[in-house]
Structures are given as structure tokens and as C-alpha cells.
Amino acid sequence: MRAVVQRVDGASVVVAGETVGRIVGEGLCVLVGVTHEDTPEKAAQLARKLWSVRILEGEKSCSDVDAPLLVISQFTLYGDARKGRRPTWNAAAPGPVAEPLVDEVVSQLRALGAHVETGRFGASMRVSLTNNGPFTVLIEV
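First things first, this report covers the structure right here in the doc.

Calculation notes
Residues numbered from 1 in each chain as written. Predicted model: local features only at pLDDT ≥ 70, side-chain atom pairs only at ≥ 80, totals over all residues. Heavy atoms only, no water. Pairing = 2+ DSSP bridges. Helix = DSSP H or I, 4+ residues; strand = E, 2+ residues; numbered from the N terminus. Axes fitted to C-alpha atoms, helices over the stretch in contact; angles between N-to-C directions. 1 Å grid on protein atoms, 1.4 Å probe; cavity = no way out; pocket = protein on both sides within 12 Å on 5 of 7 lines; lining within 4 Å. Points joined across faces, edges and corners; volume = space filled by probe spheres on them. Nonpolar A, V, L, I, M, F, W, Y, C, P; charged D, E, K, R; others polar. Expected span 1.5 Å × (residues − 1). Buried < 20%, exposed > 50% of the residue type's maximum accessible area, 1.4 Å probe, protein only. Arc of directions from axis to C-beta. Contact = heavy atoms within 4.5 Å. Disulfide = S-S within 2.5 Å.

### Focus: the sheet that holds strand β3 (residues 69-73)
Okay, step 1: The 5 strands lie next to each other as β4-β3-β2-β1-β5, forming an open sheet whose pairing is mixed. In the strand order of this sheet, the two ends are held by β4 (116-118) and β5 (125-140), each with one partner. Here the average twist between neighbouring strands, direction ignored, is 30°.
Okay, step 2: Here 3 bridges tie β3 to β4, and the two strands are oriented parallel to one another. Looking at β4, one finds that L69 is bridged to V116.

Pasting the structure below:
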């Protein structure tokens, strides 16, 4: 699993004109990609890492300050544009594999006590955020 994590001062995701997920104030906006070898155990590992990684102000984690997370699935994180002019998506897991694993990341975060908002799997989404820093990190498990 791969996650692009941005420290934000608020973020939202809109689908067809409707806001489906929104966090206010300090938190993390997390784009999650799933590949073929990923498992529920990796989803749980990613959730633990997201909840405890110390990238908020003052080297705090979401668990330290009860900061919210906006988690959005993004298969394009496994795009490969090394050859030609069009990326390939061969490394990205198909929807029936990826969706339950993204849901598992969210479920595991909530079990840890996190407030989690989400996008809508497979939808065309408009993501807005205010990156604080800017601060962006890639996490792979």
C-alpha cells in the first residue's frame, strides 16, 4: 500500500456537487493506493502508521492531538509513466480488490479512535485542501 500524506489546515472532497467528506483545522489528507500484493494486515499497518506518524505541528501525531484524517482512494498512485507518453495502471489493484482494503484502512483508523472522513470509491472527486508547510510525505507499507 502507498499513501501520499499531506499535513493540512482543512480539506474536503466533493462528488457531483455534494461534499462527501470534510475535515476542519489541523489534520491529514491521505491519498491511498492499493497494489495486487496488499492485504488486510498491510491496511492495518498503514492505519497504525497514519495515526501515529509525527508530522503535525510540534512533531505531534494525529493520536497526540486527536486530529482528523480525510482518506481518499487513488489508484493513480500506482501509475507508471516511465515509458511512452501515457501512464500504465498495471500495478494498481482492481476495484474489487482495492475498495475493501481502503475501507479496512478507514475501519482500522476508526478502531484506533480516529475521526475519519472519506471520499467515494471510484467516483470522480474534487479534492480541496490547504497544505500546511507545505508538508507532504509518501508512506509505503
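There is more to say, and it comes next.
### Observations regarding the layout of surface pockets
Okay, step 1: Size it by volume and the largest pocket reaches roughly 320 Å³.
Okay, step 2: Forming the walls of the largest pocket are 20 residues, and the residues nearest its centre are S73, Q74, F75, G122 and M125.
Okay, step 3: Taken together, the elements giving at least two residues each to the lining of the largest pocket come down to β2 (18-33), β3, α3 (95-111) and β5.
Okay, step 4: Considered class by class, the residues forming the lining of the largest pocket number 13 nonpolar, 7 polar and no charged.

### Quick look at helix α1 (residues 40-52)
Okay, step 1: In this model, α1 (13 residues) spans 18 Å end to end at C-alpha, consistent with the 18 Å of a helix rising 1.5 Å per residue.
Okay, step 2: Those residues of α1 that fall on the buried side of the exposure criterion are A43, A44, L46, A47, L50 and W51. The arc that holds the buried residues of α1, viewed along the axis, is 160°, so those residues lie on one side.
Okay, step 3: On its buried face, α1 sits against β1 (2-15), β2, α2 (62-65), β3, α3 and β5.

### A few points about the state of the cysteines
Okay, step 1: A full pass over the atoms with the stated rule returns 0 disulfides.
Okay, step 2: We note that C29 lacks a disulfide partner, and the nearest cysteine sulfur, in C62, lies 11 Å from it.

### Observations concerning unusual backbone geometry
Okay, step 1: Put simply, G133 and P134 share a cis peptide bond, and its omega is -5°.
Okay, step 2: Tracing the backbone shows P134 in strand β5.
Okay, step 3: Notably, E59 is not glycine yet its phi reads approximately 55°, a positive angle.
Okay, step 4: A relative accessible area of 61% places E59 in the exposed class.

### Regarding α3
Okay, step 1: When the terminal C-alpha atoms of α3 are compared, their 24 Å separation across 17 residues agrees well with the 24 Å that a helix rising 1.5 Å per residue should span.
Okay, step 2: Of the positions making up α3, those classed as buried are A98, L101, V102, V105, V106 and L109. Buried residues in α3, looked at end-on, bunch into an arc of 140°, giving them a common side. Every exposed residue of α3 that faces more than 90 degrees away from the buried side is listed here: P96 and A111.
Okay, step 3: On its buried side, α3 packs onto β2, α1, β3 and β4.
Okay, step 4: One or two positions beyond α3, positive phi appears at G113, with a value near 105°.

Scope: geometric values only; no functional claims are made or implied.
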